[in-house]
Number of protein chains: 2
Amino acid sequence: MEKRLVFGHKSPDTDTVCSALVYADLKKKLGEDFEAVRLGTVNEETKFALDYFGVEAPRQVETVSNEVNEVALVDHNEPQQSVDDLKDVRIVEVVDHHRISNFESAEPLYFRVEPVGCTATILRKMYKENGVEIEKSIAGLMLSCIISDTLLLKSPTCTQEDIDTAKELSEIAGVDLDAYGLDMLKAGANTKDTSAADLISLDAKEFPMGDAKVEIAQVNVVDTEEVLARKEELKDAMTSKIDDKGLNLFVLAITDILKNDSTVLALGKNTEKVEEAFNTTLQDDVAVLEGVVSRKKQIVPPLTNAFKG
Amino acid sequence: MEKRLVFGHKSPDTDTVCSALVYADLKKKLGEDFEAVRLGTVNEETKFALDYFGVEAPRQVETVSNEVNEVALVDHNEPQQSVDDLKDVRIVEVVDHHRISNFESAEPLYFRVEPVGCTATILRKMYKENGVEIEKSIAGLMLSCIISDTLLLKSPTCTQEDIDTAKELSEIAGVDLDAYGLDMLKAGANTKDTSAADLISLDAKEFPMGDAKVEIAQVNVVDTEEVLARKEELKDAMTSKIDDKGLNLFVLAITDILKNDSTVLALGKNTEKVEEAFNTTLQDDVAVLEGVVSRKKQIVPPLTNAFKG
Ligand SMILES: [Mn+2]
Ligand SMILES: [Mn+2]
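Residues numbered from 1 in each chain as written. Chains lettered and ligands numbered in written order. Predicted model: local features only at pLDDT ≥ 70, side-chain atom pairs only at ≥ 80, totals over all residues. Heavy atoms only, no water.

Under an unreviewed UniProt entry, the name given to chain A is Probable manganese-dependent inorganic pyrophosphatase, and the source organism is Thalassobacillus hwangdonensis. Taken directly from UniProt, the Subcellular location (unreviewed entry) text for chain A runs: "Cytoplasm". Quoted verbatim from the Sequence similarities (unreviewed entry) field of UniProt, the annotation for chain A is "Belongs to the PPase class C family." (UniProt positions renumbered as here; feature names shortened; annotations may be inferred.)

And the structure:
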């Protein structure tokens, strides 16, 4: 069988990197030849998970059509979040848990999107459906995906299915869910050694809202003050991004993974939309949003509405 | 739980009508309230299947947002093939086996498309995955879907999974697969009592090809000559459709379900594309395409290429 590549989105997170590895493992056991690759740097949280379970990171690629004719996508389906030469290859499978947008196929394919907290939760079912046993390290990677995407089962995107799957996987992986989860999230929450430019871009996504271009970056921390101490440096980095991309608004969400709150730093000509969306007042460009941890469910929708109104 | 509707595409075929009924049955057994509805007339083939297994046809609707807030789609995903007010409701689930095109969702949903011959083949797996037993009449409806979409397992769209599923379902339904299948297809192949206008529109789909608008209608028969005897009448109906819709080409494929060939009648200013695509010559607007039974796999792709070339 012809070799294929499988990968997640640009600015890869733990779900994207590990789900690609897991998908390739499942397919290998079903007799298909898939190699997992990635479209960007492995972050500190993902590194921790890979090291813990003794798995090597996938190799990084810039393009895929120079290597293969066919690919599978995990953890994304929108072409602008994918590899630049996606249009030059055939997509044979998609496994994802995001909204569906701008996806077009010339032919029928296997396309599976479910409204759960994490891609790995769907992959875990695919092992079951195909009667394939899960190795310890693979269970560990899937567990890491769920912990990362649901902030240790605390995000509003987390479903009962994610919770049940995480418990089951922690047993196969032989780790204590809470202890391992907190260690992994903390590894990704180390902001000291990360430049301001990286902090605002490692997990950044751009969203069109009405006629406005809005960029929302998110960084997980265990010490919000440590990041806010570098506010001027962060503002400089954000301002040059605003100029470069012609943004109307740049929001950096600093999410405290222990308290489950987010502190937002907002810059640009439309910062009043942040005040409107969250019924708050920015003080020196900053506001605390209590109980907010999910960009997808708690930041994007109210902000989109504010730009509509 | 709030009531929802489930339906297939306009110009409903057996897979669309029966898969909606089957989907509603599965959901009911899982404690969810779905009603199956349809967007057009029940054809003769579908009527045969419903009567045989003693199931009532779903009720016909023109719009859905006047009744419910949420819907599920089976056997289609392209909005232009769906209910007119689709944009006014939330789509919570899609189960389909066609290419993905123009589908957009604001939020994640359950979206399952697989490259198999028939929607019911996927639904059959969903019963298994959810541990739900299949009643005799429901098995009969699913079997009818597979027979219809794969022309009794002979279409090139038919996969091993469709074949295995059909065999298993015929046992649950207590029918002989070949005998029942031929009877059902023949019921749909009775063209005598159907007007020319209906023959060219009951199973018609429009495709943009390059800058051209191409309509391809298909009719299943056991006696091609019976249809060709009404050629002038059919040409009149096709010509007025070409004028109405500004078509570049109208192809009527008369598919012999016993011989597994199609005879095409082609009209419009671009009939040379038919000759090019199938390397044939039209004689009095007619050509026989040997071994061609699938519009999706054997007619649309070569014709699309001819319009590109
Ligand atoms: Mn994810
Ligand atoms: Mn179908």
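A.B. asks: Teacher, can you tell me more about the overall build of chain A here?
C.D. replies: Secondary structure summary: chain A contains 11 helices and 11 strands in total. Relative to the 2.2 N^0.38 estimate, which gives 19 Å for 309 residues, the radius of gyration of chain A is 19 Å and therefore close to what a compact globule would have. Projected onto its principal axes, the C-alpha coordinates of chain A cover approximately 55 × 45 × 35 Å. Looking at chain A as a whole, 57% of its 309 residues qualify as buried. (Helix = DSSP H or I, 4+ residues; strand = E, 2+ residues; numbered from the N terminus. Rg over C-alpha atoms; globule rule 2.2 N^0.38 Å. Buried < 20%, exposed > 50% of the residue type's maximum accessible area, 1.4 Å probe, protein only.)

A.B. asks: It is not clear to me how the UniProt feature "binding site: Mn(2+) 1" (unreviewed entry) in chain A should be interpreted in this structure. Could you clarify?
C.D. replies: All names here are of chain A. Using the residue numbers shown here, the UniProt feature "binding site: Mn(2+) 1" (unreviewed entry) corresponds to H9, D13 and D75. On the basis of their most widely separated C-alpha atoms, the annotated residues across 67 residues gather in one place, lying no more than 9.6 Å apart. Given the relative accessible area of 5%, H9 is considered buried. The residues contacting H9, other than those within four sequence positions of it, are T16, L39, V74, D75, H76 and Q81. A polar side-chain atom of H9 sits 3.5 Å from a polar atom in the side chain of D13. Position of D75 relative to the elements: it lies in the loop between strand 4 (70–74) and strand 5 (90–96). The residues contacting D75, other than those within four sequence positions of it, are H9, D13, D15, T16, V95, D96, H97, H98, T119 and D149. (Contact = heavy atoms within 4.5 Å. Polar contact = N/O pair within 3.5 Å; in protein donor to acceptor, adjacent residues only side chain to side chain.)

A.B. asks: Just to check I follow, could you spell out the coordination of the manganese ion (ligand 1) for this structure?
C.D. replies: By definition of the ideal shapes, four donors in a tetrahedron about a metal sit 109.5 degrees apart, and six donors in an octahedron sit 90 or 180 degrees apart. Residues and elements named next belong to chain A. Around the manganese ion (ligand 1), the protein supplies D15 (OD), D75 (OD), H97 (NE2) and D149 (OD) as donor atoms, at distances of 2.2 to 2.3 Å. Here the donor residues of the manganese ion (ligand 1) share one chain and are spaced in sequence as D-x59-D-x21-H-x51-D. With D75 in the loop between strand 4 and strand 5 and D149 in helix 4 (residues 136–150), the pair connects residues that are 74 residues apart, well separated along the chain. Accessibility classification places D75 together with D149 in one group, the buried group. (Donors = N, O, S within 2.8 Å, 3.2 Å for Na, K, Ca; no water.)

A.B. asks: Can you help me understand the environment of F48(A) in this one?
C.D. replies: Residues and elements named next belong to chain A. Summarising the element assignment, F48 is placed in helix 2 (residues 44–52). For the pair F48 and K186, spaced 138 residues apart in sequence, the C-alpha to C-alpha distance is 9.6 Å. In this structure F48 touches Y180, D183, M184 and A187, once residues within four positions along its chain are discounted.

A.B. asks: Would you take a moment to explain the pattern of salt bridges for this structure?
C.D. replies: Tallied over the full model, the rule gives 52 salt bridges over all chains. The partner of K245(A) in a salt bridge is E206(A), and the shortest N-O contact between them spans 3.1 Å. Of this pair, K245(A) sits in helix 9 (residues 231–245) while E206(A) is found in strand 7 (residues 204–209), placing the two residues 39 residues apart along the sequence. Classification of E206(A) as partly exposed rests on a relative accessible area of 36%. Taking the shortest distance from any N to any O, the salt bridge between K29(B) and E135(B) comes out at 2.6 Å. Taken together, the residues K29(B) in helix 1 (residues 14–29) and E135(B) in the loop between helix 3 (119–129) and helix 4 (136–149) connect sequence positions 106 residues apart. Classification of K29(B) as partly exposed rests on a relative accessible area of 34%. (Salt bridge = Lys/Arg side-chain N within 4 Å of Asp/Glu carboxyl O.)

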